[in-house]
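One-letter residues, chain by chain:
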Amino acid sequence: MNKAMIFDTHAHYDDEAFDPDREELLSSMEKNGIGTIVNVGASINGLKDVVDLVENYPFIYGAVGIHPDDAAEMTEETLEEIRRISRMEKMVAIGEIGLDYYWHKEEEEHEVQKKMFRAQMDIARAEKLPFMIHSREAAKDTLDIVKEYMQGGMYGGIIHCFSYGKEIAREYLDMGLCLGIGGVATFKNARKLKEVVEYAPLSQIVLETDCPYLSPEPNRGKRNSSLNLFYVAETIAEIKGITPEEVIAVTEKNARELLF
C-alpha cells in the first residue's frame, strides 16, 4: 500500500511572496511528503495565475473564485470567466468565496458581498463542483447562505480556515461539510479552534495552509508553505490521541473524496 502523502487543500502559490523561489520550492514538495496541492483563486487578476500553475505542475489542482474583498470589482464578465475556467481540466472547486466583514463594515458592502457569494455558489451548483468558503466576522450571514444552498443540488464544500466556535462548527458538520484546519490550530492561544478540532470527526477535517499566510508554530510569522503541514498534522494528532500518520492518511482521503 502506498504511503499517504499530505494533501494541502488551500494554497496561494501565485502570491508574490513566492516569486523569488517558486519553482525550487514546488519542486521539493514530493520528496518532502506533499502529494497534492489545490491552488485557490482569490483575486480577479490572479485567475490566470491559477490556470498557469495547474498547467505547469502535475500535482497542483485549481479552485477558481473571487475573495469577498474583491466583490465590489466583480462584473458579469468576471462570473463568466469563473464559469469558463471552472470547466477546465484539473479545476476541482469554486473558491475562495464567501463573506468578510473584518475590513468591510458598511451594510452596502455586505450586500454586494452576499450577492457575489450567491452568484458563485450558483456556479458551483451548475458546474457540479464543491465550494471553498471564506468567512471572517460574518458567522451568521455565511451560515444562512450556506444553509440556503445546501437545501439541494450542491456538491459539498470546505469551510476554509475555520475560525468560529463549536456551535457553528456543529451546523456545518451536520450539513456534511468539511472544516479546513491549518496553522492557527498550533497557536497556544487557539483554545476555541482546538476545541473544534477535538469535537469534529476526523472524517470531516482537511488540511490546508492558506500559504503564504498563517504559518504554524514554530514558524509563526514567517512565510508559510505546504512543508509546514506536518506541524498541523502533529497538533491534530495530539488533540485526538492518534498518530500524525493517521491524520495525514484520513485527511488525504477526505480531500480526494470531496474534490476528485
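This structure is a prediction, so every number in the text was calculated from the model and none was measured.

Participant: When you look at the nonpolar core in this model, what are you seeing that I'm missing?
Facilitator: If you look at soluble globular proteins, the nonpolar side chains tend to sit buried side by side. In this structure, Tyr13, Leu26, Ile37, Phe162, Leu179, Ile181 and Ile236 are the most contacted members of the largest nonpolar core, which totals 71 residues. Top contributing element to this core by residue count: helix H4 (residues 107–127), with 6 residues. Apart from the residues lying within four places of it in its own chain, the contact partners of Ile181 are Leu193, Val197, Ile205, Val206, Leu207, Glu208, Val232 and Ile236. The next biggest cluster of nonpolar side chains, apart from the first, holds 13 residues, and it includes Val38, Val92, Ala93 and Val206.

Participant: What is the right way to look at the sheet that holds strand S3 (residues 60–64) in this model?
Facilitator: Paired through backbone hydrogen bonds, the strands of a sheet run either parallel or antiparallel to each other. Read across the sheet, 8 strands follow the order S1-S2-S3-S4-S5-S6-S7-S8 without closing on themselves; strand pairing throughout is parallel. Looking at which strands have only one partner, the edges of the open sheet turn out to be strand S1 (6–11) and strand S8 (205–207). Shown here is a sheet whose adjacent strand axes are inclined to one another by a mean of 30 degrees, direction ignored. Bridge count between strand S7 (residues 178–181) and S8: 3 bridges; the pairing is parallel. Bridge pairing in S8 links Gly180 to Val206.

Participant: What should I look at first to understand the layout of surface pockets in this one?
Facilitator: Over the atoms a probe the size of a water molecule is rolled, and this reveals where empty space is left. By volume, the largest pocket is sized at about 870 Å³. Mapped onto the lining of the largest pocket, the elements with two or more residues apiece are strand S4 (91–100), strand S5 (131–136), S7 and helix H7 (191–199). Examining the composition of the lining of the largest pocket, we find that 3 residues originate from one element, S5, more than from any other. Its residues placed into classes, the lining of the largest pocket shows 12 nonpolar, 14 polar and 10 charged.

Participant: Would you mind showing me how to read unusual backbone geometry here?
Facilitator: Leaving glycine out, the prevailing phi sign among residues is negative, and the prevailing peptide bond configuration is trans. Omega for the peptide link from Gly95 to Glu96 comes to 5 degrees, which places this bond in the cis form. On the secondary structure map, Glu96 appears in strand S4. Omega for the peptide link from Cys211 to Pro212 comes to 15 degrees, which places this bond in the cis form. Relative to the elements of secondary structure, Pro212 occurs in the loop between S8 and helix H8 (229–240). The phi dihedral of Lys128 falls on the positive side, at around 60 degrees, and the residue is not glycine. With respect to the helices and strands, Lys128 occurs in the loop between H4 and S5. According to the relative accessible area criterion, Lys128 is exposed, its value standing at 55%.

Participant: So what exactly am I meant to see when it comes to empty space enclosed by the protein here?
Facilitator: Per the counting criterion, the structure on display carries 1 cavity of 30 Å³ or more. Considering only enclosed or pocket space, the largest cavity measures out at about 30 Å³ in volume. What lines the largest cavity is simply Ile66, His67, Pro68, Ala71, Met74, Gly98, Gln113, Met116, Phe117 and Gln120. Looking at the lining of the largest cavity element by element, the count peaks at 4 residues for H4. Taken together, the residues that form the lining of the largest cavity break down as 6 nonpolar, 4 polar and no charged.

Participant: I tried to follow the side chain of Thr186 on my own but got confused; where do I start?
Facilitator: Among the structural elements, Thr186 can be located in the loop between S7 and H7. Residue class for Thr186 comes out buried when judged on its relative accessible area of 9%. Within polar-contact distance, the side chain of Thr186 engages the backbone oxygen of Gly183 at 2.7 Å. Ignoring anything within four residues of it in the chain, the contact list for Thr186 reads Lys194, Pro216, Glu217, Tyr231, Val232 and Thr235.

Participant: What is the right way to look at the packing of aromatic side chains in this model?
Facilitator: Where two aromatic rings form a pair, the distance of their centres and the angle of their planes describe that pair. On inspection of all chains with the given rule, the structure shows 7 aromatic pairs. Ring geometry for Tyr57 versus Phe59: centroids 5.9 Å apart, planes at 65 degrees, classification edge-to-face. A residue is classified by how much of its surface remains accessible, and Tyr57, at 11% relative accessible area, is buried. Taking the centre distance of 4.7 Å and the plane angle of 50 degrees together, the rings of Tyr61 and Phe260 count as tilted. With Tyr61 in strand S3 and Phe260 in the segment after helix H9 (244–259), this pair connects stretches of sequence that are 199 residues apart. We classify Phe260 as partly exposed; its relative accessible area is 43%. Counting every residue linked through ring pairs, the aromatic cluster contains Phe7, Tyr61 and Phe260. The cationic tip of Lys90 hangs over the ring face of Tyr61; the distance from NZ or CZ to the ring centre is 5.1 Å.

Reading guide: rules and limits
Residues numbered from 1 in each chain as written. Predicted model: local features only at pLDDT ≥ 70, side-chain atom pairs only at ≥ 80, totals over all residues. Heavy atoms only, no water. Core = buried A, V, L, I, M, F, W, Y, C linked by side-chain atoms within 4.5 Å. Buried < 20%, exposed > 50% of the residue type's maximum accessible area, 1.4 Å probe, protein only. Helix = DSSP H or I, 4+ residues; strand = E, 2+ residues; numbered from the N terminus. Contact = heavy atoms within 4.5 Å. Pairing = 2+ DSSP bridges. Axes fitted to C-alpha atoms, helices over the stretch in contact; angles between N-to-C directions. 1 Å grid on protein atoms, 1.4 Å probe; cavity = no way out; pocket = protein on both sides within 12 Å on 5 of 7 lines; lining within 4 Å. Points joined across faces, edges and corners; volume = space filled by probe spheres on them. Nonpolar A, V, L, I, M, F, W, Y, C, P; charged D, E, K, R; others polar. Polar contact = N/O pair within 3.5 Å; in protein donor to acceptor, adjacent residues only side chain to side chain. Phe/Tyr/Trp six-rings, centres within 6.5 Å; stacked < 30°, edge-to-face > 60°. Lys NZ or Arg CZ within 6 Å of the ring centre and 35° of its normal.

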